[in-house]
Amino acid sequence: MRFAEAPDEVLARLATLRERDAPTHGGHVLSYVYDSGVPALDEVAAAAIRLMQPVNGLDPTTFGSVAALERDLVAFTRDLLGGGQAGDGEAVGTVTSGGTESCLLAVKTARDAWLAARGLAPGAARPRLVAPTTAHAAFHKAAHYFGLELDLVPVRPDGAVAAEAVAGRLGTDGDGGPDDVALVVVSAPSYPHAALDPVADVAAAAAAQGVPVHVDACIGGMALPFWPDLPDWDLRVPGVTSLSVDLHKYGYAPKGVSVLLHRGRDRQRGQYFATTRWPGYPVVNPTMLGSRSGGPLAAAWAITQVLGRDGLATLADRSRQATEALRDAVGQIEGLRVVGHPTGPLLAVASDDAAGAERRVDPHVWADAVTAHGWVLQAQPSHRQPDGTVLPHTTHLTVTPVTASVLDELVPALVAAADEVRGTPRPAPDAALGRLAATGAPPTPPSSQTAATLLAGLGLDTSRIGDDGPGVGPMAPLLAAVEALPAPTAERLLVELLARLVEPR
Ligand SMILES: *Cc1c(COP(=O)(O)O)cnc(C)c1O
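Residues numbered from 1 in each chain as written. Predicted model: local features only at pLDDT ≥ 70, side-chain atom pairs only at ≥ 80, totals over all residues. Heavy atoms only, no water.

Caption draft 1: Spatial organisation of the pairing of strand β11 (residues 346–351). Most of β11 sits inside the fold, with six of its six residues counted as buried. Bridge count between strand β10 (residues 336–338) and β11: three bridges; the pairing is antiparallel. Within β11, the position partnered with R337 by the bridge is A350. Here β11 pairs with strand β15 (residues 394–398) via four bridges, running antiparallel. The partner of L346 across the bridge, within β15, is T398. (Buried < 20%, exposed > 50% of the residue type's maximum accessible area, 1.4 Å probe, protein only. Helix = DSSP H or I, 4+ residues; strand = E, 2+ residues; numbered from the N terminus. Pairing = 2+ DSSP bridges.)

Caption draft 2: The arrangement of the site of the ligand in detail. Taken together, the neighbourhood of the ligand is formed by G98, G99, T100, H136, Y191, D216, C218, I219, D246, H248 and K249. Across the shell around the ligand, the residue classes break down as three nonpolar, five polar and three charged. (Near = heavy atom within 4 Å. Nonpolar A, V, L, I, M, F, W, Y, C, P; charged D, E, K, R; others polar.)

Caption draft 3: Spatial organisation of the packing of helix α10 (residues 363–372) against helix α14 (residues 475–484). For the pair α10 and α14, interaxial distance at closest approach is 8 Å and the crossing angle is 150°. Taken as axis vectors, α10 and α14 run roughly antiparallel relative to one another. Between α10 and α14, the contacting residues are H364, V365 and D368 on the first element and M475, A476, P477, L479 and E483 on the second. Of the residues assigned to the contact of α10 with α14, the class counts are five nonpolar, one polar and two charged. (Axes fitted to C-alpha atoms, helices over the stretch in contact; angles between N-to-C directions. Parallel < 35°, antiparallel > 145°, perpendicular 65-115°, else oblique. Contact = heavy atoms within 4.5 Å.)

Caption draft 4: Summary view of unusual backbone geometry. The amide bond that connects A188 to the next residue, P189, takes the cis arrangement and shows omega of -10°. Non-glycine residue Y252 carries a positive phi angle of around 65°. Looking at the secondary structure, you find Y252 in the loop between β6 (240–246) and β7 (258–263). The class for Y252 is buried, based on a relative accessible area of 6%.

Caption draft 5: The arrangement of the domain arrangement of the protein in detail. Here the protein is described as being made up of domain 1 (49–303) and domain 2 (430–501). Domain 1 and domain 2 are separated by 33 Å when their C-alpha centres are compared. (Domains from an automatic or database assignment.)

Caption draft 6: The arrangement of helix α13 (residues 448–457) in detail. Buried within α13 we find A451, A452, L454 and L455. Projected down its long axis, α13 shows its buried positions confined to an angular sector of 160°, all on one face. The positive-phi residue at the C-terminal boundary of α13 is G459, with phi of around 85°. (Arc of directions from axis to C-beta.)

Caption draft 7: The sheet that holds strand β5 (residues 213–216), seen in detail. If you walk across this open sheet you meet the seven strands as β1-β7-β6-β5-β4-β2-β3, and the pairing is mixed. A single partner strand is all that each edge strand has here, and the edge strands are β1 (91–96) and β3 (149–153). For this sheet the average axis-to-axis angle between neighbouring strands, irrespective of direction, equals 20°. Contacts from helix α5 (residues 138–146) reach β2 (128–132), β3, β4 (181–187) and β5, with the element oriented near 150° to β3.

Caption draft 8: Seen up close, helix α11 (residues 407–421). Here α11 is 15 residues long and its end C-alpha atoms lie 21 Å apart, about the 21 Å a rise of 1.5 Å per residue gives. Within α11, the full set of buried residues consists of L407, L410, A413, L414, A417, A418 and V421. Mapping the buried residues of α11 onto a view down its axis gives an arc of 135°, with all of them on the same face. Along its buried surface, α11 packs onto α9 (295–332) and α10. Note on α11: the residue one or two positions beyond its end, G423, has a positive phi of about 90°. (Expected span 1.5 Å × (residues − 1).)

Caption draft 9: Broad picture of the pattern of salt bridges. Enumeration according to the criterion identifies 23 salt bridges in this entry. Where R236 meets D234, a salt bridge forms, and the shortest distance between an N and an O atom there is 2.6 Å. Since its relative accessible area comes to 41%, R236 is described here as partly exposed. (Salt bridge = Lys/Arg side-chain N within 4 Å of Asp/Glu carboxyl O.)

Caption draft 10: Focus on the sheet that holds β10. A sheet is described by the order of its strands in space; here four strands give the open sequence β10-β11-β15-β12, paired in antiparallel fashion. In this open sheet, the two edge strands, each paired with only one partner strand, are β10 and β12 (378–380). Averaged over neighbouring strand pairs, the angle between their axes works out to 30° when direction is ignored. Sheet topology places β12 next to β15; three bridges connect them, and they run antiparallel. Counterpart to A379 in the pairing with β15 is T395. Where α9 meets the sheet, it contacts β10, β11 and β15, and its direction lies at approximately 5° from that of β11.

Caption draft 11: Broad picture of the environment of L307. As for its position among the elements, L307 is in helix α9. The buried category is assigned to L307, whose relative accessible area is 17%. Aside from chain neighbours lying at most four places away, what touches L307 is L41, Y252, L312 and L315.

Caption draft 12: Structural detail: the packing of helix α3 (residues 64–80) against α9. Relative orientation of the contacting elements α3 and α9 amounts to 35°, with a least axis distance of 10 Å. In this structure, α3 meets α9 at a crossing whose hand is left-handed. Facing V66, L69, E70, D72, L73, F76, D79 and L80 of α3, the residues of α9 in contact are L297, A298, A300, W301, T304, Q305, G308, R309 and L312. Residues belonging to the contact of α3 with α9 are distributed by class as follows: 10 nonpolar, three polar and four charged. (Left-handed = near helix turned anticlockwise from the far one by under 90°.)

Caption draft 13: Expanded view of the environment of T304. The topology assignment puts T304 in helix α9. It is 9.1 Å that separates the C-alpha atoms of T304 and L247, two residues lying 57 residues apart in sequence.

Caption draft 14: Layout of the nonpolar core. Counting residues in hydrophobic clusters, the biggest one holds 69 residues, and the most contacted among them are V184, V215, W233 and L243. The element that contributes the greatest number of residues to this core is α9, accounting for 11 residues. Apart from residues no more than four positions distant in its own chain, V184 is found in contact with V130, V166, L170, V202, V211, P212, V213 and H214. Within the second largest apolar cluster, 28 residues are counted, among which are A322, V349, V406 and L410. (Core = buried A, V, L, I, M, F, W, Y, C linked by side-chain atoms within 4.5 Å.)

What follows is the structure, encoded as structure tokens:
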């Protein structure tokens with residue numbers, strides 16, 4: 001076999017590309033990556049992936065290892081998340097490729113159950129998906145893909161939804177309201193503000209109406225079981241019918257592994273897609289993909305076996321202590337405030353409006369200043385809720401076990417960055433984009449060329465992004481523009497940005 005290029009040289013090029021990435025380890029990136037701080041876990045994960053590399057997870061009858069690992073992982077998460085009671089309460093589950101796929105499948109399963117209960121064909125009706133505005137965007141995607149009406153419930157300024165506000169959307173209150181809710185979603189906790197939604201009260205109200213409830217514990221599911229003094233929020237709560245938990249977050253596995261648990265076999269069977277109506281092999285897929293990697297499954301399995309519950313608890317404690325230290329430290333910074341009562345290893349930081357304009361710190365200007373100190377935080381735009389109230393723009397920090405070991409560098413950087421930008425307002429959106437925003441959404445979606453021109457006006461030259469290191473540059477002006485634009489226009493520009501990024505150069 002003659003190679004086009006020697007494997008070593010190809011790998012050397014890959015290594016060079018990887019060097020330019022944001023660091024995945026060491027706690028300098030406070031989103032996207034979940035560093036346990038325990039190198040042995042990365043080693044065992046890599047070795048497990050290597051062993052699983054040639055396997056096709058499509059067929060667990062041919063590759064029995066896939067079934068064995070999946071059984072173990074479902075058992076581990078089910079027991080951790082209160083789904084282990086025998087009988088009606090017992091949960092069954094599936095390993096998926098990530099949180100988004102778990103959320104998509106929870107919604108698809110609920111939609112299909114809703115249609116089946118009414119003898120309706122898919123497309124014959126558009127049931128509602130009721131969720132707080134803070135529910136993960138994966139549920140917007142699910143509603144879009146599967147034809148549900150997304151009914152968003154405003155949250156309070158602290159980021160948590162009031163149970164009565166959700167209950168108020170459930171319709172059949174005896175007055176013959178519509179019984180068109182296929183699923184209610186609550187978060188444990190929410191990604192934007194780490195708010196733990198009132199799972200038990202929502203589930204009680206929903207159960208009284210016969211409406212199923214999904215708990216999105218994608219980010220919290222492997223950590224909250226070890227948080228002290230929480231009300232029940234998982235499958236222990238009657239009325240909770242499904243729950244998602246990501247192993248590639250606080251399970252410290254490489255990306256590509258999550259678990260979706262359902263209470264009751266019959267409910268879960270609706271998640272599957274099966275067909276014998278083609279000339280090929282009978283297709284039976286529990287998830288969206290056909291052929292799939294067994295690698296992330298094996299890695300997550302190996303890590304959970306090595307850590308056990310106690311190991312996970314130790315790591316969760318480290319994240320919790322670091323989160324509390326950061327909450328207190330940010331709370332001390334004049335001009336900033338932590339939003340609400342973060343429950344779990346994450347938090348959101350907003351501007352402290354009680355401070356005068358001179359003393360206020362804008363969270364996005366601050367995040368850009370923190371980046372200059374070598375730490376990457378995540379900017380979140382402000383959000384106008386359906387009732388007109390506005391959730392302010394914030395900066396998000398996801399805290400991992402390794403964060404505990406770098407607090408003495410991180411906290412001074414957060415403080416110094418705030419000192420540098422105190423009193424500096426966030427930038428006004430670019431004038432051209434401001435004009436576009438003022439005229440409302442363009443009649444037709446902008447062409448790729450128009451979108452690229454607008455992006456260039458924002459300082460985003462799509463042919464050069466990434467050449468000078470990770471990121472697209474300062475986040476404050478970009479987020480200000482995103483907020484100023486009508487959502488469809490902003491979304492179209494971001495599509496253009498990401499699409500051009502992978503066009504062959
Ligand atoms: C991360 C996350 C998701 C989506 O998960 P992906 O793994 O990124 O697809 C869903 N819900 C919550 C609360 C999350 O934090």
